[in-house]
Every structure is written in C-alpha cells, then in structure tokens.
Amino acid sequence: MATDIIMPQMGESIFEGTITKWLKKPGDKVQRDEPLFEISTDKVDAEIPAPASGVLKEIKVAEGNTVQVNTVVGVISTDGSAASAPAKSAAPAPPAAPEKKAAASAPAAPAQEPALEEDGGERSSPLVRKIARENNVDLSQVPGSGLGGRITKQDILDFIEKGGAQKSATPTAAKPAAVPAVPSAPAPIPGDLVPMTRMRQLIAKHMVESRRTSAHVHCMFEVDITRIVNLRNKLKSAFEQRHGARLTFMPFFVRAAIIALQQFPIVNASLEGDNIRYHRNINVGIAVALDWGLIVPVLKNAGELNFLGLQRSITDLGERSRGKKLKPEDVEGSTFTITNPGQFGAVFGLPIINQPNSAIMGVGGIMKAPVVVTDKDGTDSIAIRSVVHLTLGYDHRLVDGAVADQFMALVKKTLEGWSEEVG
C-alpha cells in the first residue's frame, strides 16, 4: 500500500509552492501528521504534515523546485516496505568544484536559514548557540519548543529573561563539552553567487513595489513610557501566572495605535485607484523577524480585543510564524502595520509601508535617558526616564503631515498617561 504526498493548496489564490526542505529522507519512518517537508508560497512558509504513517518510500520533487498544487511530491509506503531510489529530480547533484560549493548547495537549504546542529543533545541554530555563549547559558537547561525539541531563538530569549542566564558557565559533570557539529550546508563564501530564497525574492519584490507606489514620509516622536515600564515590571509575574501568557510591551503600542486609528480613520484607509477605501475594521499587521526572513501576520478586528486578547493574539501569531504554522488568511487583510526594530537595539527605524496600507509605525528600543520633567508647580528638573522613539511612515498621497503628527501625538499621549486595565 502506498499514499501519495501532495503539494497542498494553501489558499484560494495560491497555485504553486516551492519545496524548501525535506524533513525526512527516503527510508525514514514517519507518523501521520508529523511535519514532513517545508514549503514556501507567495503568502506563507509552512510545514506540511505527513498524510499517513509508514516509511517515506520516494521523494519525487527535490528541494528548491516549484510545482503546481495537487502535484505528487513523494510517496509513503504504509505497509513498511523499503524505500525505493529517489527520483532523478530528487537525486543529489554531482560534487561541485570547491569555489562553487556554496552556490550549488543553496537550493538544499535557504541561505537565510541557519542549519540545525546537535549541541550536546540540544538541537539549535548557530544564532541560538551564540546567544547562549554570550549569556553563559547551558543549553541543556533550556526547553525547546521547536520541531523535535529544537531550541528556538525565542526559547533562549525567554529563558534568559526569566533569570536562566549565567546558571552554568561550564558543561555539567555528567555531560562532556560538546564538539560543534559541521553545518549541513556551508555558509556563503565571499565571491560566490547564491540563489535567493523564495521568501527573500518576495520581500525584495514587495519592498521595491512599495517604494515605487507610495510617497513615503516619516515623522518621529520621543515618548516617555516610564509609567508603562514600571507597570509591566510590577505585573508581569502575576500576569503570566494568571493568564499563562508573557506580558510584553507590544500590546501597549498596539492598543495606543488602535485608539489613534479610531480617531484618525484616514491612517487606517487605503487608496484604490482614485478612491479612498475607509476600512470598517482595524486589522493590525505585526512584523515578525525570522531567522530566514520577515513575515507580517495580522491581528484581525484588533479594535474589538481587550488588552489580554491583544497579548494572547500577538504571542500566538509570533509562535506560529516561527513554527511555520501560519495559514494564508493569517497574513492577509492588514490595514495598518507595526514593526519593532528596537528589539535588536535600534534607536529608531524608517520602515517601508506594507502595501496596501497607508502607514506603518516603527517602535525603537526602550532606553533610559535624562529627561527634563516639570512638576505641577512648573518647576523643571532632570530625571532618569524610560523613553522610546516611535516613527510613523506614511503615504503622503493619502495622509497629510498635520494628520500624521496629530495621530502620533495621540499615540504619545495614550502611552505616557496609560490608564487602561492590563489584567
């Protein structure tokens, strides 16, 4: 008995997909619904589960190839018979010349995606191991939420934030120091010509189109969020215990933007030819940086969510983005976008508009700075405050500078005078 593995249709408007990675090789046992291969489409990158339990008998479509939906890409033997030789399209390429090695192997693993390695038993990427080394973290102590127990970037960052750093500067006695494994795909070498991944091609296309389409203008506001920082520090432990979700800063910024979008609907609008589409709902796209690219999942009807609902939705979209669990509808229909370059240390950014939105808000890094404060008697003094720089990139064809500044002034006022219940 055999079961065909089909290229799925990931949405009504999607007609083809690119196989970026096979997670099993011919001869491997597979379980039904276990992730079997990864695909990239015009909308999302996703892990595709096995349609049946058995043995992967044949790979018909090699990594890096693009095929129409409903194409048979492989076969699972459900009676336990041995695997057959891979199809010609899936056979490994002949050895490449040394100077072409990186370029030849690029279809086998996206250039932007770090190879997974076994670090003393813990599956992790070079980025994760780098973060662990810099913070003296023993990876054996970090629970992995990725495929097969893989430790993701978010796993290591969560572990450090919860106080797990500097627990062990050396490996435990029961476990000898690990010897770094050789990456499954070599890093690009200067001078090599490496094909762009499907995701990188789409990012490049969309960025150029947006610059060509919208009349980009940016304004920046400095915001004192000391009240919010103190509130979060006070409530984050109880919040996580009560709701089972981490309390992050992002829902504060999203909520403030929603309040401003309700007051200035033109910022939530889109151009359609010579007409303006005023959207009924506020659908906030949240840019998520991945090890292999960038994606913008969408908080649908965000204006109807309370603070807890925003936090849970933001966390869910982030986790499903990193786990390649998003569906096409999860990345469609945004009316406004928020991006957070500050998480990597940027003071501020000048983001490109996510079409067909008319605006995008960038959140810079939160840092302490000396600020002139005025008390109720009008006396000035200098105090150490937590500040953040927010940038609004807007389409000047649709949004006037005065409106953009008023919009951001309201965002600033909401954040600095935060009074909403956090939960």
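Residues numbered from 1 in each chain as written. Predicted model: local features only at pLDDT ≥ 70, side-chain atom pairs only at ≥ 80, totals over all residues. Heavy atoms only, no water.

**As for the overall build of the chain**
In step 1: When its secondary structure is counted, the chain shows 8 helices and 21 strands.
In step 2: Taken across its 423 residues, the chain has 43% of its residues classed as buried.
In step 3: Sequence-distant contacts, at least 24 apart, represent 66% of the contacts inside the chain between residues at least 6 apart.
In step 4: A total of about 21,700 Å² of accessible surface is found on the chain, and carbon and sulfur atoms cover 53% of it. (Helix = DSSP H or I, 4+ residues; strand = E, 2+ residues; numbered from the N terminus. Buried < 20%, exposed > 50% of the residue type's maximum accessible area, 1.4 Å probe, protein only. Contact = heavy atoms within 4.5 Å. Areas by Shrake-Rupley, 256 points an atom, 1.4 Å probe, with all protein chains shown as cover.)

**Quick word on helix α5 (residues 226-243)**
In step 1: Helix length check: α5, at 18 residues, gives a terminal C-alpha distance of 24 Å against a target of 26 Å (1.5 Å per residue), a fit within 8%.
In step 2: By the burial criterion, the buried members of α5 are T226, I228, V229, R232, F239 and H243.
In step 3: Immediately downstream of α5, the backbone of G244 shows phi near 70°, a positive value. (Expected span 1.5 Å × (residues − 1).)

**Topic: the side chain of S358**
In step 1: Summarising the element assignment, S358 is placed in the loop between β18 (336-339) and β19 (359-363).
In step 2: Within the structure, S358 has its side chain in polar contact with the backbone oxygen of V267 (distance 3.0 Å).
In step 3: A polar contact of 3.2 Å, which involves the side chain of S358, links it to the backbone oxygen of A269.
In step 4: If near-sequence neighbours (up to four positions away) are discounted, S358 is found in contact with I266, V267, N268, A269, I353, G393, Y394, D395, L398 and V399. (Polar contact = N/O pair within 3.5 Å; in protein donor to acceptor, adjacent residues only side chain to side chain.)

**What about the packing of helix α6 (residues 250-263) against helix α7 (residues 307-322)?**
In step 1: α7 packs onto α6 with a crossing angle of 120° between their chain directions and a minimal axis gap of 9 Å. What the angle tells us is that α6 and α7 run oblique. At the point where α6 passes α7, the crossing takes the right-handed sense. Contacts from M250, P251, F252, V254, R255 and I258 in α6 reach F307, L310, Q311 and I314 in α7. (Axes fitted to C-alpha atoms, helices over the stretch in contact; angles between N-to-C directions. Parallel < 35°, antiparallel > 145°, perpendicular 65-115°, else oblique. Left-handed = near helix turned anticlockwise from the far one by under 90°.)

**As for the side chain of T391**
In step 1: Structurally, T391 is set in strand β21 (residues 380-395).
In step 2: Taking the relative accessible area as the measure of exposure, T391 reaches 1% and is therefore buried.
In step 3: At 3.1 Å, the side chain of T391 and the backbone oxygen of G349 are in polar contact.

**Quick word on the sheet that holds strand β2 (residues 16-22)**
In step 1: The strand order across the open sheet formed by 4 strands is β5-β4-β2-β7, and the pairing between neighbours is antiparallel. For this open sheet the edge positions go to β5 (45-49) and β7 (66-68), each flanked by a neighbour on one side alone. Taken over all neighbouring pairs, the strand axes of this sheet differ in orientation by 40° on average, direction set aside.
In step 2: Sheet analysis places strand β4 (residues 35-40) next to β5, joined by 5 bridges and oriented antiparallel. In the sheet register, P35 faces β5, and the bridge partner there is P49. (Pairing = 2+ DSSP bridges.)

**Description of the pairing of strand β6 (residues 54-59)**
In step 1: Taking burial as the measure, the 6 residues of β6 include 5 buried ones, the bulk of the element.
In step 2: The pairing of strand β3 (residues 29-30) with β6 spans 2 bridges and is classified as antiparallel. Note that in β6 the partner of V30 across the bridge is G54.
In step 3: Judged from the 4 bridges that link them, β6 and strand β8 (residues 72-77) form a sheet pairing that is antiparallel. By the bridge assignment for β8, I59 is matched with G74.

**Details of the confidence of the model for the chain**
The predicted coordinates of low-pLDDT regions are not to be read in fine detail.
In step 1: Per-chain confidence: the chain averages 82 in pLDDT, with 81% of residues scoring 70 or above.
In step 2: pLDDT under 50 marks residues 87-106. Its contacts with residues more than four places away, or in other chains, come to 23 contacts.
In step 3: Counted against residues more than four places away or in other chains, residues 108-121, with its pLDDT under 50, gives 45 contacts. (pLDDT = per-residue confidence, 0-100.)

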